[in-house]
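# Remarks on the overall topology
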Amino acid sequence: EAVGLYNLGQSCCLNSLLQVFLMNIRFTRILRRITVPPSPVQRNSNVPYQMLLLLEEMQCGKSKAVAPTDLARCLSEHRVKLFVQHDAAQLFLSLWNLLKKQMKRPELVEELSDLYTICIQEHLACQKCPFEIKSNSTMLTLPLPVLDASSHRLKTLEDSLQYFFHPEELTGQNMCFCQQCGRKTTFLQSMKLVHLPQTLTLHLKRFCFERSSHTYKLSHPLPFPQELDLREVLTENQCLADDSEKAAWQYELFAVVAHSGSTSCGHYCAYIWSLTEHKWYCFNDSEVCQVSWDDVKCTYGHSSLYWGETAYLLFYMRKHPQ
C-alpha cells in the first residue's frame with residue numbers, strides 16, 4: 001500500500017519528491033541494483049543507498065508512514081539544507097545530481113540518464129548572413145513559461161510547450177556578435193527537441209522575480225492533459241528527431257507536485273498514479289489518501305485563489321517504453 005513520510009520540519013518538498021522517485025517502478029529497478037558501499041561511514045553518506053533503505057522500510061508494511069530521518073541527515077552532509085523552504089525544481093535537480101554522482105556503476109548511471117534526461121539543440125542564426133551556431137545540451141526538466149513575452153497568460157500546457165520552442169529574435173541590447181559580419185547583429189534563437197526520456201519532467205515557472213527582489217506566485221489556471229502526444233503539439237521545425245524517436249513521444253501523466261500558499265510560506269504535496277494499483281493517490285507528508293482525476297484537476301490553478309493549490313512540477317511517463 002501507499003505509505004506516507006513524516007514531516008521532519010519543513011520537509012514537505014523533500015517528501016513529495018521522494019514519493020515521486022520511489023513510486024516510479026523504473027527508477028526503483030535501477031535503485032535496487034546499486035553497489036552497497038563497504039563501510040558504515042560510506043553507507044551513511046551515500047544518497048542512493050539511503051534512498052534504498054527508505055524504500056525497503058516503506059515496503060515492509062508495518063506502518064502507514066515512516067520518517068526519512070537517515071536520508072535527510074545524509075542529504076545534509078551534501079549541503080542540502082534541512083528545516084528550510086525549498087523550491088521543488090531546484091531540490092529535484094540537487095537530488096538527481098547526488099544520485100547520478102554516487103551511483104558508481106556506469107550502466108546504472110546511463111539507465112538513470114535514459115530515464116530522466118531531455119536532449120535539445122539550441123540554434124543561433126545571424127539574420128544578416130548565413131552564419132549560425134548549433135549546440136546540443138541536456139536538461140532534467142523543461143522550464144515552461146506560464147506567461148508570454150507581453151505578460152499575457154498562456155492558457156494550456158500545450159500553449160506553454162509551443163511557446164518554449166517558439167523562435168525568438170534577439171535585437172537591441174540582446175544582439176550577438178557575428179564572426180562572419182564582424183559586428184553585433186540581430187540573431188534568431190530557437191530550441192529544437194532532439195530526444196525525450198521515459199519520464200518527462202515539466203517545470204511550470206509560476207514563481208516570478210521582480211527587480212525589487214520580491215517574488216510572487218502566478219496562480220491562474222493552466223490545464224494539463226492526462227495524455228500528452230508531443231508529435232501533435234510541436235511542429236516539424238521544432239523537432240530534430242527521426243520517426244522512430246517521435247513514435248515514442250506519447251505520454252501519460254504519472255505525477256503532479258503541487259504548491260499551496262505563498263512563496264514565503266508554502267506547502268508541497270504530490271498526486272501520483274500508482275502503476276501497480278492503477279489509482280491516483282495524494283501524498284501529503286504522513287497522510288495518504290486515494291483521490292480522483294477531478295481532485296488532480298484542482299491543481300490547474302485559480303485566478304482568485306492566490307493561496308490555492310497549484311501544479312508546479314508535472315511528471316509524464318512514456319506510454320510505450322522502448
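It should be emphasised that the depicted structure is a prediction, and the values quoted were computed from it without experimental measurement.

### Section: the pairing of strand β17 (residues 287-291)
The pairing of strand β16 (residues 280-284) with β17 spans five bridges and is classified as antiparallel. Note that in β17 the partner of Y281 across the bridge is Q290. Linking β16 to β17, which pair antiparallel, is a turn of two residues; within it D285 sits at a positive phi near 55°.

### Things to note about the state of the cysteines
In this structure the tally under the stated criterion is zero disulfides. Take C12: it sits in no disulfide, and the sulfur closest to it among the cysteines is that of C13, at 6.5 Å. Exposure remark for C12: the relative accessible area of 8% places this residue in the buried category. This cysteine, C129, is not joined by any disulfide, and C178 carries the nearest cysteine sulfur, 3.5 Å off. A relative accessible area of 16% means that C129 is categorised as buried.

### Considering helix α1 (residues 12-22)
A large share of α1 lies buried, amounting to eleven of its eleven residues. Here α1 has its buried residues at C12, C13, L14, N15, S16, L17, L18, Q19, V20, F21 and L22.

### Observations regarding the nonpolar core
One finds F27, Y116 and V257 to be the most contacted residues of the largest nonpolar core, which totals 56 residues. For this core, the domains that each give at least three residues are domain 1 (1-117) and domain 2 (141-166 + 198-321). If we skip the residues at most four places from it in the chain, Y116 touches F21, N24, F27, F92, W96, M139, L140, P197, T199 and T201. In terms of nonpolar packing, the next biggest core, distinct from the first, is built from 42 residues, I120, L253, V256 and C269 among them.

### Thoughts on the side chain of N46
Note on placement: N46 falls in the loop between α3 (40-44) and α4 (47-59). When neighbours within four sequence positions are excluded, N46 is seen to be in contact with P37, C74 and Q102.

### Some details on the domain arrangement of the chain
Domain annotation of the chain identifies domain 1 (1-117) and domain 2 (141-166 + 198-321). Distance from the C-alpha centre of domain 1 to the C-alpha centre of domain 2: 22 Å. Listed by partner, the interface residues are 29 residues for domain 1 and 33 residues for domain 2. In this assembly, domain 1 packs against domain 2 so that about 2400 Å² is buried in total across both faces, 65% of it on carbon and sulfur atoms. On the domain 1 side of the interface with domain 2, the three residues burying the most area are V20, M23 and R26, jointly 23% of the side's total. Counting across the domain 1 and domain 2 interface gives zero salt bridges. Summed over the shared surface of domain 1 and domain 2, the number is ten residue pairs in polar contact (both at pLDDT 80 or more). Where the side of domain 1 that touches domain 2 is concerned, the elements lending two or more residues are β1 (4-5), α1, α2 (25-31), α6 (88-102) and α7 (106-116). Tallying contributions element by element places α1 first for the side of domain 1 that touches domain 2, with seven residues.

About the criteria used
- Residues numbered from 1 in each chain as written.
- Predicted model: local features only at pLDDT ≥ 70, side-chain atom pairs only at ≥ 80, totals over all residues.
- Heavy atoms only, no water.
- Pairing = 2+ DSSP bridges.
- Helix = DSSP H or I, 4+ residues; strand = E, 2+ residues; numbered from the N terminus.
- Disulfide = S-S within 2.5 Å.
- Buried < 20%, exposed > 50% of the residue type's maximum accessible area, 1.4 Å probe, protein only.
- Core = buried A, V, L, I, M, F, W, Y, C linked by side-chain atoms within 4.5 Å.
- Domains from an automatic or database assignment.
- Contact = heavy atoms within 4.5 Å.
- Buried area = accessible area lost by both parts, 1.4 Å probe.
- Salt bridge = Lys/Arg side-chain N within 4 Å of Asp/Glu carboxyl O.
- Polar contact = N/O pair within 3.5 Å; in protein donor to acceptor, adjacent residues only side chain to side chain.

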